[in-house]
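# An overview of the molecular structure
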Amino acid sequence: MKRYDLRTLIFLALCCDLGLFSKRLISPAANLVTDALHIPGGVGTSFSLMFLVIAAVVIRKRGCAAVMGAVQSVIALSLGMVGSMGALSAIGYIMPGVMIDFLMLALKHTPLPMKERMVCMNAAAAVCASLTANVIVFRLGGAALLLYLCVSATTGTLCGCLGARIVQKLTPVFGNTGGCGTKWKERAV
């Protein structure tokens, strides 16, 4: 694997930090939604995962999102930002990154425009994070689990759309492609 240049490393670190700390910033607003629905979460996580998707699409390196999830887990553990999962929160950070990387690879040769790919990646990562949290901590079942996953998928979809707009603005800085070899000019977002 090629070595990353300084600009790329700074961008990856910024995305990791934004993912962690933005979740803390929007948690009060997200809690209004989740408390009203009586579900454990999913809204803040979807917004946080958007930064992993952005980094994976902009940098276009295999395994980028999983590595960033691992870095986020180390930062979260060291700062005591582990939430209800405790020491197992590392799994909760890494699994969505693995899902993002898997979908980057799986959707590479599809005719989907990059915006739709990002929406799929963000929604799937949010659902993966919710399922991981459910297995580790919440143990929801039936309608409550379905509602939890639907909220995660919906907010993941909205954050994927927002992430696609951000990536479109970043393409002049990082190059003309929007990840996976798809040019933004050919397939407008």
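Our structure is the block above this text.
About the cut-offs
- Residues numbered from 1 in each chain as written.
- Predicted model: local features only at pLDDT ≥ 70, side-chain atom pairs only at ≥ 80, totals over all residues.
- Heavy atoms only, no water.
- Phe/Tyr/Trp six-rings, centres within 6.5 Å; stacked < 30°, edge-to-face > 60°.
- Helix = DSSP H or I, 4+ residues; strand = E, 2+ residues; numbered from the N terminus.
- Axes fitted to C-alpha atoms, helices over the stretch in contact; angles between N-to-C directions.
- Left-handed = near helix turned anticlockwise from the far one by under 90°.
- Contact = heavy atoms within 4.5 Å.
- Core = buried A, V, L, I, M, F, W, Y, C linked by side-chain atoms within 4.5 Å.
- Buried < 20%, exposed > 50% of the residue type's maximum accessible area, 1.4 Å probe, protein only.
- Patch = residues over 30% accessible without salt bridge, like charges linked within 9 Å, V, L, I, M, F, W, Y side chains within 5 Å.
- Areas by Shrake-Rupley, 256 points an atom, 1.4 Å probe, with all protein chains shown as cover.
- Salt bridge = Lys/Arg side-chain N within 4 Å of Asp/Glu carboxyl O.
- Disulfide = S-S within 2.5 Å.
- 1 Å grid on protein atoms, 1.4 Å probe; cavity = no way out; pocket = protein on both sides within 12 Å on 5 of 7 lines; lining within 4 Å.
- Points joined across faces, edges and corners; volume = space filled by probe spheres on them.

## Things to note about the packing of aromatic side chains
Applying the stated criterion across every chain yields a total of two aromatic pairs. Measuring from centroid to centroid gives 5.6 Å for Phe 47 and Phe 51, while their planes differ by 90°, and the two rings are edge-to-face. Of this pair, Phe 47 and Phe 51 both sit in helix H2 (residues 43-59), separated by four residues, roughly a single helical turn. An angle of 90° between the planes, with centres 6.1 Å apart, marks the rings of Phe 138 and Tyr 148 as edge-to-face.

## Overview of the packing of H2 against helix H4 (residues 89-106)
Packing of H2 against H4 brings their axes to within 10 Å, and their N-to-C directions diverge by 35°. In the crossing of H2 with H4, the sense of the turn from one axis to the other is right-handed. In this structure, H2 uses Leu 49, Leu 52, Val 53, Ala 56 and Val 57 to contact H4, whose residues at the interface are Pro 96, Ile 100 and Met 104.

## What to know about the nonpolar core
Counting 33 residues, the largest nonpolar core has Phe 11, Ile 54, Val 57, Met 68, Ile 100, Met 118 and Met 121 as its most contacted members. Mapped by element, the contributors of at least two residues to this core are helix H1 (6-37), H2, helix H3 (64-79), H4, helix H5 (114-138) and helix H6 (142-174). The biggest single contributor to this core is H2, with 12 residues. Not counting the four nearest positions on each side in its chain, Met 121 is found in contact with Val 53, Val 57, Ile 100, Leu 103 and Met 104. Within the second largest apolar cluster, 10 residues are counted, among which are Ile 39, Ala 133, Leu 145 and Leu 149.

## Observations regarding a nonpolar patch on the surface
A cluster of nonpolar side chains, Leu 32, Val 33, Leu 37 and Leu 147, forms an exposed patch at the surface whose accessible area comes to about 330 Å². Looking at which element gives the most residues to the nonpolar patch, the answer is H1, with three residues.

## A few points about the state of the cysteines
The tally for this structure, following the rule as stated, stands at zero disulfides. Free cysteine: Cys 150, not disulfide-bonded; nearest cysteine sulfur from Cys 120 at 16 Å. When its relative accessible area of 40% is taken as the criterion, Cys 150 is described as partly exposed. As a non-bridged cysteine, Cys 161 has Cys 159 as the owner of its nearest cysteine sulfur, 9.2 Å distant.

## Let's talk about unusual backbone geometry
Of note in the backbone geometry, Arg 60 takes a positive phi value of approximately 60° without being a glycine. Locating Arg 60 in the fold gives a position in the loop between H2 and H3. Phi is positive for Arg 139, close to 55°, though the residue is something other than glycine. Following the sequence through the fold, Arg 139 ends up in the loop between H5 and H6. Of the residues examined, Arg 139 reaches a relative accessible area of 62% and is grouped as exposed.

## Quick notes on the layout of surface pockets
Once rolled over the atoms, a probe with the size of a water molecule shows which space is left empty. The computed volume of the largest pocket comes to approximately 610 Å³. Lining the largest pocket we find 31 residues, and of these Lys 23, Pro 40, Gly 42, Thr 45 and Met 85 sit closest to its centre. Where the lining of the largest pocket is concerned, the elements lending two or more residues are H1, H2, H4 and H5. Of the residues forming the lining of the largest pocket, the biggest block, seven residues, is contributed by H1.

## Observations concerning the environment of Gln 168
One can find Gln 168 in helix H6. In this structure, the C-alpha to C-alpha distance between Gln 168 and Met 114, residues 54 residues apart in sequence, is 9.7 Å.

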